[in-house]
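Close look at the chain arrangement
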Amino acid sequence: MTHIAVLGSTNMDLVTYVDKAPERGETVTGREFRTVPGGKGANQAIAAARAGATVSMIGAVGTDAYGARLRDTLEHSGVDTDFLRTVQGPSGTAHIVVDAEGGNAIVVVPGANGTVDHLSPGDEGVIATADALLLQLEIPLPAVVAGARAARRHGVRTVLTPSPVQPLPPELLHAVDLLVPNEYEAVTLTGRTDPREAAAALLELVPEVVVTLGPTGCLYLTRGAEPLVVPAPRVTAVDSTGAGDTFAGALAVALAEEKPVREALTWAAAAAAISVQREGASASMPYRPEIEARYGT
């Protein structure tokens, strides 16, 4: 089986559902509240595992009840947690408001994720055996850079989701093979308001770029070829939380299985389309038979 390593965050998502998100200084009444295991690292690990890969999670959880639940959720989805360490203190949390149209706003409190600022013994060995390494930016940047460099040393494809968006140092960009920002992140990183222009600017920094465009689909660029636009399936969104992570996890699996790029992007878009029709992040992520069924329509 394809082996995907994930170096990143694990959070408990504290999700409030509202008709309309509050403005600054405004108080609104929510419709529902849930605690849902998440974090961009854990989400991508679960997405990749459900898409059919063997997945190893590298990161940290706290000694609180959230930490035990996060580990259990990963293991239940088939993710290897041998390199998910437990540290004293609280686990990471994400405070999420989801409106009636499925849009969201998120505040992340790092907790145990803040201790993942370097590679621990054994982490590079796990990365070396992978077909791809998935990275995000919810853990300290030095660890992300170290993971990317380890992957480069061992010829492992590195896929970076630049979220939460922040300046990307050259030493990280030099070790990234595929950058997967959403439209907002691409615009913020480049200052270009047009997604195509933003993607082209990012392509000067890394070999491949996929800009996800929500319900519109995604835009793929690689050097020496024409841009590729892949539309997203038309669905009614209930909750977009975790959709980008579902896309990234499924895409990493498809590319590691050597699917052609258009087919891999279509596969990933199908996975994301399924996820937005369900509430929650990790809970919404589809299993491989569901993606296959959707991909075939």
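Residues numbered from 1 in each chain as written. Predicted model: local features only at pLDDT ≥ 70, side-chain atom pairs only at ≥ 80, totals over all residues. Heavy atoms only, no water.

Taken as a whole and judged by the stated rule, the model has zero aromatic pairs. Sitting over the face of the ring of Trp267, Lys259 holds its NZ or CZ atom 4.7 Å from the ring centroid. (Phe/Tyr/Trp six-rings, centres within 6.5 Å; stacked < 30°, edge-to-face > 60°. Lys NZ or Arg CZ within 6 Å of the ring centre and 35° of its normal.)

Moving on: the nonpolar core. With 46 residues, the main nonpolar core has Ile4, Val55, Val210, Phe247, Leu251 and Leu265 as its most contacted residues. It is helix H9 (residues 261-275) that provides the largest number of residues to this core, a total of eight residues. In this structure Val55 touches Ile4, Val6, Ala45, Ala48, Ala49, Gly78, Val79 and Asp80, once residues within four positions along its chain are discounted. Of all hydrophobic cores here, the second largest spans 39 residues; its members include Val87, Ala112, Ala130 and Ala151. (Core = buried A, V, L, I, M, F, W, Y, C linked by side-chain atoms within 4.5 Å. Buried < 20%, exposed > 50% of the residue type's maximum accessible area, 1.4 Å probe, protein only. Helix = DSSP H or I, 4+ residues; strand = E, 2+ residues; numbered from the N terminus. Contact = heavy atoms within 4.5 Å.)

Before going further, it helps to spend a moment on the sheet that holds strand E2 (residues 11-17). Two modes of strand pairing occur in sheets, parallel and antiparallel, and in both the strands are linked by backbone hydrogen bonds. With mixed pairing, four strands are arranged side by side in an open sheet as E3-E2-E6-E7. Each edge of the open sheet carries a strand with a single partner, namely strand E3 (32-38) and strand E7 (104-109). In this sheet, neighbouring strand axes are inclined to one another by 20 degrees on average, regardless of whether the strands run parallel or antiparallel. Bridge count between strand E6 (residues 92-98) and E7: six bridges; the pairing is antiparallel. Its bridge partner lying in E7, Ile96 is registered against Ile106. Where helix H2 (residues 65-76) meets the sheet, it contacts E2, E3 and E6, and its direction lies at approximately 65 degrees from that of E3. (Pairing = 2+ DSSP bridges. Axes fitted to C-alpha atoms, helices over the stretch in contact; angles between N-to-C directions.)

Quick look at the pairing of strand E9 (residues 157-160) now. In terms of strand pairing, strand E8 (residues 132-135) meets E9 through four bridges, oriented parallel. Directly across from Leu133, in E9, lies its bridge partner Thr158. One crossover worth recording links E8 to the parallel E9 by way of helix H4 (residues 141-153), and it is right-handed. Alignment of E9 against strand E10 (residues 178-179), held across two bridges, turns out to be parallel. What sits directly across from Val159, in E10, is Leu178. (Right-handed = clockwise from strand over helix to strand, strands pointing away.)

Once that is clear, we can look at the pattern of salt bridges. Applying the stated rule across the entire model yields 11 salt bridges. The closest approach of N and O atoms between Asp245 and Lys40, which form a salt bridge, is 2.8 Å. Of this pair, Asp245 sits in helix H8 (residues 243-256) while Lys40 is found in helix H1 (residues 40-50), placing the two residues 205 residues apart along the sequence. The buried category is assigned to Asp245, whose relative accessible area is 3%. Residue Lys40 is classed as buried on the basis of its relative accessible area of 14%. Of the charged contacts in the structure, one is a salt bridge between Glu208 and Arg157, with a shortest N-O distance of 2.5 Å. Of this pair, Glu208 sits in strand E11 (residues 208-212) while Arg157 sits in strand E9, placing them 51 residues apart in sequence. Residue Arg157 is classed as partly exposed on the basis of its relative accessible area of 25%. The network of salt bridges with common partners includes Glu257, Lys259, Arg288 and Glu292. (Salt bridge = Lys/Arg side-chain N within 4 Å of Asp/Glu carboxyl O.)

Bringing the UniProt feature "active site" (unreviewed entry) in the protein into the picture now. Annotation from UniProt places "active site" (unreviewed entry) at Asp245. Beyond its immediate sequence surroundings of up to four residues, Asp245 is in contact with Lys40, Asn43, Gln44, Ala47 and Met285. (UniProt positions renumbered as here; feature names shortened; annotations may be inferred.)

Within the fold, Ala53 resides in the loop between H1 and strand E4 (54-61). C-alpha separation for the pair Ala53 and Thr190, spaced 137 residues apart in sequence, amounts to 33 Å. If we skip the residues at most four places from it in the chain, Ala53 touches Met1, Thr2, Ile4, Ala48 and Val253.

It is worth spelling out unusual backbone geometry at this point. Backbone torsion omega between Ser163 and Pro164 reads -5 degrees, so that peptide bond is classified as cis. Looking at the secondary structure, you find Pro164 in the loop between E9 and helix H5 (170-173).

Turning our eyes to something else, we now look at the UniProt feature "binding site: K(+)" (unreviewed entry) in the protein. Feature annotation in UniProt assigns "binding site: K(+)" (unreviewed entry) to the following positions: Asp239, Thr241, Ser275, Arg278, Gly280 and Ser284. For the residues just named, distributed over 46 residues, the greatest C-alpha separation is only 9.4 Å, placing them together at one site. Following the sequence through the fold, Arg278 ends up in the loop between H9 and helix H10 (288-295). Beyond its immediate sequence surroundings of up to four residues, Arg278 is in contact with Val238, Asp239, Ser284, Met285, Pro286 and Glu290.

Under the relative-accessibility criterion, Glu208 is labelled buried at 13%. A polar contact is formed between the side chain of Glu208 and the side chain of Arg157, at a distance of 2.5 Å. Discounting chain neighbours no more than four positions away, the residues touching Glu208 are Arg157, Asp177, Leu178, Leu179, Leu203, Tyr220, Leu221 and Thr222. (Polar contact = N/O pair within 3.5 Å; in protein donor to acceptor, adjacent residues only side chain to side chain.)

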